[in-house]
Amino acid sequence: MNAPSPASDEAPDTPGISFGRSGDGLLVAFVGETAFAMAPAPDGRHYLETGWRISRPMGEWTRGDFYGHSGELADETAFRNAVLENAEHQRERRMLGRVEEHSRADTPWGASQGVTVYAEGVTAQSTAGHGGFKLSAEQNRKVHPLLRSKGGWYEEDAAWAIVAITFPHLFTAFERRCAEKTIKHSWPGAWETIFGAILKPGESYEKDRRAFEQAHARDWIVISVITSKRAAGFVETVATPGGKRGPGTEERRFLVPSDEYQVSRFGFVIDEARHQVYGGPSDFVGWK
């Protein structure tokens with residue numbers, strides 16, 4: 001397959017990487033067989049989108065050629081940096097010499113459709129719907145006890161990062177950075193114990209969530225919201241203590257000014273001194 005030609009307004013910035021413009025004006029790039037686009041969103045933000053093996057020249061690409069979503073981009077510089085980072089990741093991955101093999105092994109996620117061998121006793125199984133790593137008993141003993149899976153299985157969404165920080169030499173620099181972030185966000189206590197470092201606010205989603213829940217355990221936190229048709233300029237909310245849900249949980253309704261209702265990472269906290277308890281007709285279906 002011939003590599004797509006870069007658009008005439010931009011020449012390749014680095015050997016093996018081409019930047020250009022798509023037929024519909026998107027900033028695009030090509031690394032190996034992976035295509036990238038800086039795609040706009042309706043809210044004015046931009047996202048990194050990916051495509052695979054687009055054989056046409058860049059000037060003929062359109063947004064419809066891209067399907068993968070790889071995060072938000074601040075600007076064109078961020079797009080270029082992301083592409084360069086991926087190029088380095090691909091180069092390092094080739095050097096690691098991972099081997100793809102056929103497999104029909106049983107996994108926690110169904111029958112395997114293929115396996116990638118990272119090293120002896122370190123393999124990644126892929127299935128129709130999910131996947132993850134399988135460590136041999138010997139290799140699994142090398143995982144820190146705070147993070148070790150008894151059966152040696154580590155699913156691909158988050159637990160893969162446990163394998164990456166245990167065997168960093170088997171992963172690219174990009175993968176190691178992603179793994180570090182994942183462990184911090186998902187297992188902050190284990191991270192702090194293993195590495196002897198205290199995570200600051202903003203460095204761990206899970207630690208921040210726990211701190212929020214502890215600080216607002218007795219506060220009313222919104223669990224449902226709807227624009228009020230009876231009080232102009234307000235939203236009608238349903239809140240519970242600490243944002244809890246389930247049978248027997250006390251619920252109250254509050255009216256909150258629409259322009260004030262901005263949800264934080266973990267929920268909107270009712271200010272009882274300012275937000276009015278509401279007991280009138282409801283816009284919520286089924287509310288009594």
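Residues numbered from 1 in each chain as written. Predicted model: local features only at pLDDT ≥ 70, side-chain atom pairs only at ≥ 80, totals over all residues. Heavy atoms only, no water.

Draft legend 1. Up close: the sheet that holds strand E9 (residues 114-119). Taken together, the five strands give an open sheet; going across it, the order is E6-E9-E10-E11-E12, and neighbouring strands pair in antiparallel fashion. The open sheet has two free edges, formed respectively by strand E6 (99-101) and strand E12 (153-155), since each of these has just one partner strand. Here the average twist between neighbouring strands, direction ignored, is 25 degrees. As paired strands, E6 and E9 are joined by three bridges and run antiparallel to one another. Residue pairing for E9: glutamate 100 is matched across the bridge by threonine 116. (Pairing = 2+ DSSP bridges. Helix = DSSP H or I, 4+ residues; strand = E, 2+ residues; numbered from the N terminus. Axes fitted to C-alpha atoms, helices over the stretch in contact; angles between N-to-C directions.)

Draft legend 2. Structural context of the side chain of threonine 182. Structurally, threonine 182 is set in helix H4 (residues 173-186). Exposure remark for threonine 182: the relative accessible area of 17% places this residue in the buried category. (Buried < 20%, exposed > 50% of the residue type's maximum accessible area, 1.4 Å probe, protein only.)

Draft legend 3. Seen up close, the side chain of glutamate 206. Structurally, the position occupied by glutamate 206 is in helix H6 (residues 205-215). The exposure class assigned to glutamate 206 is buried, which follows from its relative accessible area of 15%. Discounting residues that sit within four places of it in the chain, glutamate 206 has contacts with His185, Ser186 and Pro188. (Contact = heavy atoms within 4.5 Å.)

Such coordinate-based values are descriptive only and should not be taken to indicate function.
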